[in-house]
Amino acid sequence: MNVSTSTLSLTVADVDASRDFFCTHLGYQVAMADDGFASLTRKDDAVDIVLLRKGTEVLPAEQRDREAGGLILALTVTGLDAEEARLRAAGAPITMPLREEPWGERLFQMTDPNGVVVQLVEWVAR
């Protein structure tokens, strides 16, 4: 198998709110959009994101009323301190402050308006 792209599809109540969060704070751009749908991408190798409105009929019936929950979208970055400072200054909703784990992971979390948790991570060489 050759995987050429990774895409995370999230079902949310308010597509526009999540779209604005990802574009404003995380540098995503809208590749395609329609009522209740947005496809987001970045110019680097970050995962693409598809946002679907809860209840949309393109989803199988058993999935239509589910929303993204219990999921953490982790993005590995460089310059974590600068990113945290930039996002704080921009008023991003940081919901877990910057910390370092004993195994060398430095991270902080934000939560988008639909409850999607985004974690920015940087690994420390030990």
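Computed from a predicted structure; not experimentally measured. In this convention, every chain numbers its residues from 1, walking through the sequence in written order. In keeping with the model being predicted, local features are shown solely for residues with a pLDDT of at least 70 and side-chain atom pairs are shown and tallied solely at 80 or more, while totals for entire chains, interfaces and linings include all residues. Side-chain descriptors were evaluated using all non-hydrogen atoms of the structure, hydrogens and water having been removed beforehand.

Quick word on the packing of aromatic side chains
By convention, a stacked pair of Phe, Tyr or Trp rings (six-membered ring in the case of Trp) has centres within 6.5 Å and planes under 30 degrees apart, an edge-to-face pair has planes over 60 apart, and any other such pair is tilted. Tallied over the full model, the rule gives 2 aromatic pairs. Taking 5.3 Å as the distance between ring centres and 90 degrees as the angle between the ring planes, the aromatic pair formed by F21 and F22 counts as edge-to-face. Both rings, one in F22 and one in Y28, keep their centres 5.8 Å apart while their planes meet at 90 degrees; by these two values the pair is edge-to-face. Exposure is judged per residue with a 1.4 Å probe applied to protein chains only, and the accessible area is read against the type maximum: over 50% gives exposed, under 20% gives buried, and values in between give partly exposed. With a relative accessible area of 3%, Y28 lands in the buried category.

Here we look at the nonpolar core
For this analysis, a nonpolar core means a set of buried residues of the types Ala, Val, Leu, Ile, Met, Phe, Trp, Tyr and Cys, connected via side-chain atoms within 4.5 Å. By size, the foremost hydrophobic cluster in this structure holds 23 residues, and its most contacted members are F22, L26, M110, V118 and L120. In this description a helix means any DSSP run of H or I spanning at least four residues, a strand means any run of E spanning at least two, and both kinds are numbered starting from the N terminus. Every element with two or more residues in this core is listed here: β1 (7-12), α1 (15-26), β3 (37-41), β4 (48-53), β5 (72-76), α2 (80-89), β7 (105-111) and β8 (117-123). If you tally residues by element for this core, the top one is α1, at 4 residues. Apart from the residues lying within four places of it in its own chain, the contact partners of L120 are L26, L75, V77, L80, E83, L87, R106, L107, F108 and M110. Whether two residues are in contact is decided by their heavy atoms, any of which lying within 4.5 Å being enough.

Structural notes on the pairing of β4
Of all 6 residues making up β4, 5 are buried, and the element is well covered by its neighbours. In this description, strands pair whenever DSSP reports at least two bridges between them. Here β3 runs beside β4; their pairing, made up of 4 bridges, is antiparallel. What sits directly across from L40, in β4, is I49. The loop that links β3 with its antiparallel partner β4 comprises 6 residues.

Describing the sheet that holds strand β6 (residues 94-100)
Read across the sheet, 4 strands follow the order β5-β8-β7-β6 without closing on themselves; strand pairing throughout is mixed. Each edge of the sheet is formed by a strand with only one pairing partner; in this case those strands are β5 and β6. Sheet twist, expressed as the average angle between the axes of neighbouring strands with direction ignored, equals 15 degrees. The pairing of β7 with β8 spans 7 bridges and is classified as antiparallel. Axes, fitted as lines to C-alpha atoms, cover a helix only where it is in contact. Angles between the N-to-C directions of the axes lie from 0 to 180 degrees.

Quick word on the pairing of β3
Bridging between strand β2 (residues 29-34) and β3 involves 5 bridges; their strand directions are antiparallel. Opposite M32, over in β3, you have S39 as the bridge partner.

Some words on the environment of T5
Here T5 shows up in the segment before β1. Considering only alpha carbons, one finds T5 and E105, 100 residues apart in sequence, at a separation of 25 Å.

What to know about the sheet that holds β3
Taken together, the 4 strands give an open sheet; going across it, the order is β1-β4-β3-β2, and neighbouring strands pair in mixed fashion. Of all the strands in the sheet, the pair left with one neighbour each is β1 and β2. Sheet twist, expressed as the mean angle between neighbouring strand axes with direction ignored, is 15 degrees.

As for the pattern of salt bridges
Should their charged atoms come close, side chains of opposite charge can pair. When a carboxyl oxygen of Asp or Glu lies within 4 Å of a side-chain nitrogen of Lys or Arg, that pair is called a salt bridge. Overall, the coordinates contain 10 salt bridges when judged by the stated rule. Between E83 and R86 there is a salt bridge, and its shortest N-O distance comes to 2.8 Å. Taken together, the positions of E83 and R86, both in helix α2 and 3 residues apart, correspond to about one turn of that helix. For E83, a relative accessible area of 24% translates into the label partly exposed. On the basis of relative accessibility, which here comes to 37%, the residue R86 falls in the partly exposed class. Here the salt bridges share partners, and the residues they tie into one network are D81, E100, R106 and E122.

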